[in-house]
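Here are the chains, one letter per residue:
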Amino acid sequence: MKNSYSNIFSFNKNILKKSIKYLNNSNIVGLPTETVYGLGGNAYSKKSIEKIYKLKGRPKSNPLIVHYFDLKDASKDIVINERFRKLYAQLCPGPITFVLKKKYGSKINPLGVAKLNTVAVRFPKHKIIRSILKNINFPLAMPSANKSTNVSPVTAKDVCDEFKRKIKLIIDGGKCKIGIESTVIDLSNEPRILRPGIIDKTTIEKILKKKMKNIKNNKIVSPGMMQKHYSPGIPVTINQKKHDGKSAFIYLGDKYYNKSKFFSLSKNFNLNEAASNLYKIFRLIKKKGFKKIQIGKIPNLRSGIAINDRIKRASNS
Ligand code: AMP
Ligand code: MG
């Protein structure tokens, strides 16, 4: 069924067939996951990978995450190690990406992994993307469905707002539950978190029975992890105590709940909820025509670490 945006479609058997046909022909499809919406294309096809980089305006040095249905599928392309097995068993499918050594003979197009000998793999949980992955015989290279450096999309309409008619098919899977990008962990060497997410360091350490080094907020630890990123397109200042009277003010709690310039990430200080609302609120504020965003202090624990990582990068614009 068509929505008012004519390239957004609800999911059904016909759309499943249509999206598989598109992907088989090296076309790009806008797809929902539990984290954010992605631009999916055949990870084995040079043509698909080139289309993804071109659409996003993404630097070729920034590798893509490759998405699989399960470990059996991924084992064609990656060198599996014990730590990965443990984390996979506990956390997958889910919002976590693993950087692993690429297997000799893997068919992943070298452009998709910025010619590295490692590959970032994920096993998304959202049922729409899982039914697509189950019905194709290649993995999906899939970055977030936004122009490079912009805020990631959390609804099908956000994807359409980013690319207009340049994408012919966007599947509507509702608002993304998690709302920020996956945790990225490097397991190709000593384990370390490259990008914080909802699955936090403590959870990973418990499973691995191993302490990991802290990453410094905002440090570039992985190719393409630019300082300027996740930008709503207007200036952002963080750790703000006082409203300047004009800007949109983002905060935690319900202190200013009926004031039009104030936007709460979570009324009851729930950090997961706050993370899931962040990009939605960035886009809303931009649409309302504010010229600047101020953000109050966010506790730097659990999902707050991921929120602080994203807002710090947004403030570097
Ligand atoms: P995005 O696709 O926008 O969610 O970003 C994916 C991020 O994963 C990239 O910016 C990289 O920082 C990271 N990544 C992907 N592949 C690799 C890799 N082979 N090694 C290290 N980091 C990677
Ligand atoms: Mg991205």
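Scroll up for the structure.
What this report covers is the structure whose coordinates are included nearby. (Residues numbered from 1 in each chain as written. Chains lettered and ligands numbered in written order. Predicted model: local features only at pLDDT ≥ 70, side-chain atom pairs only at ≥ 80, totals over all residues. Heavy atoms only, no water.)

**A word on the environment of Ala120**
So, point 1. Within the element layout of this structure, Ala120 appears in strand β6 (residues 118–122).
So, point 2. For Ala120, a relative accessible area of 14% gives the class buried.
So, point 3. Residues Ala120 and Val184, spaced 64 residues apart in sequence, show a C-alpha to C-alpha distance of 8.0 Å.
So, point 4. Setting aside residues up to four positions removed in sequence, Ala120 forms contacts with Leu64, Ile65, Val66, Thr97, Phe98 and Val99. (Helix = DSSP H or I, 4+ residues; strand = E, 2+ residues; numbered from the N terminus. Buried < 20%, exposed > 50% of the residue type's maximum accessible area, 1.4 Å probe, protein only. Contact = heavy atoms within 4.5 Å.)

**Topic: the sheet that holds strand β12 (residues 248–251)**
So, point 1. Pairing in this open sheet of four strands is parallel, and the strands run β11-β14-β12-β13 from one edge to the other. Where the open sheet ends on each side, the last strands, each with one partner, are β11 (236–237) and β13 (262–264).
So, point 2. With three bridges joining them, β12 and β13 adopt parallel strand pairing. From the neighbouring strand, Tyr251 faces β13, where its bridge partner is Ser264. (Pairing = 2+ DSSP bridges.)

**Looking at helix α7 (residues 201–208)**
So, point 1. What α7 keeps buried is the set Ile204, Glu205, Ile207 and Leu208. Projection of α7 onto a plane perpendicular to its axis shows the buried side chains occupying an angular sector of 165°, all on one side.
So, point 2. In this structure, the buried side of α7 is in contact with α4 (82–91), β5 (96–101), β9 (183–186) and β10 (192–195). (Arc of directions from axis to C-beta.)

**Considerations on the pattern of salt bridges**
In a structure, side chains of opposite charge can pair up when their charged atoms sit close to one another.
So, point 1. Per the stated rule, a full pass over the model turns up 13 salt bridges.
So, point 2. Residue Arg310 pairs with Asp309 through a salt bridge whose shortest N-O separation is 2.8 Å.
So, point 3. You can call Asp309 buried: its relative accessible area is 2%.
So, point 4. When salt bridges that share partners are traced, they join Glu181, Asp309, Arg310 and Arg313 into one network. (Salt bridge = Lys/Arg side-chain N within 4 Å of Asp/Glu carboxyl O.)

**Some points on the side chain of Ser188**
So, point 1. Checked against the element boundaries, Ser188 lands in the loop between β9 and β10.
So, point 2. The exposure class assigned to Ser188 is buried, which follows from its relative accessible area of 13%.
So, point 3. Looking at Ser188, its side chain comes within polar contact range of the side chain of Asp186, at 2.7 Å.
So, point 4. With residues up to four places along the chain from it excluded, the contact list for Ser188 reads Val99, Leu100, Lys101 and Thr118. (Polar contact = N/O pair within 3.5 Å; in protein donor to acceptor, adjacent residues only side chain to side chain.)

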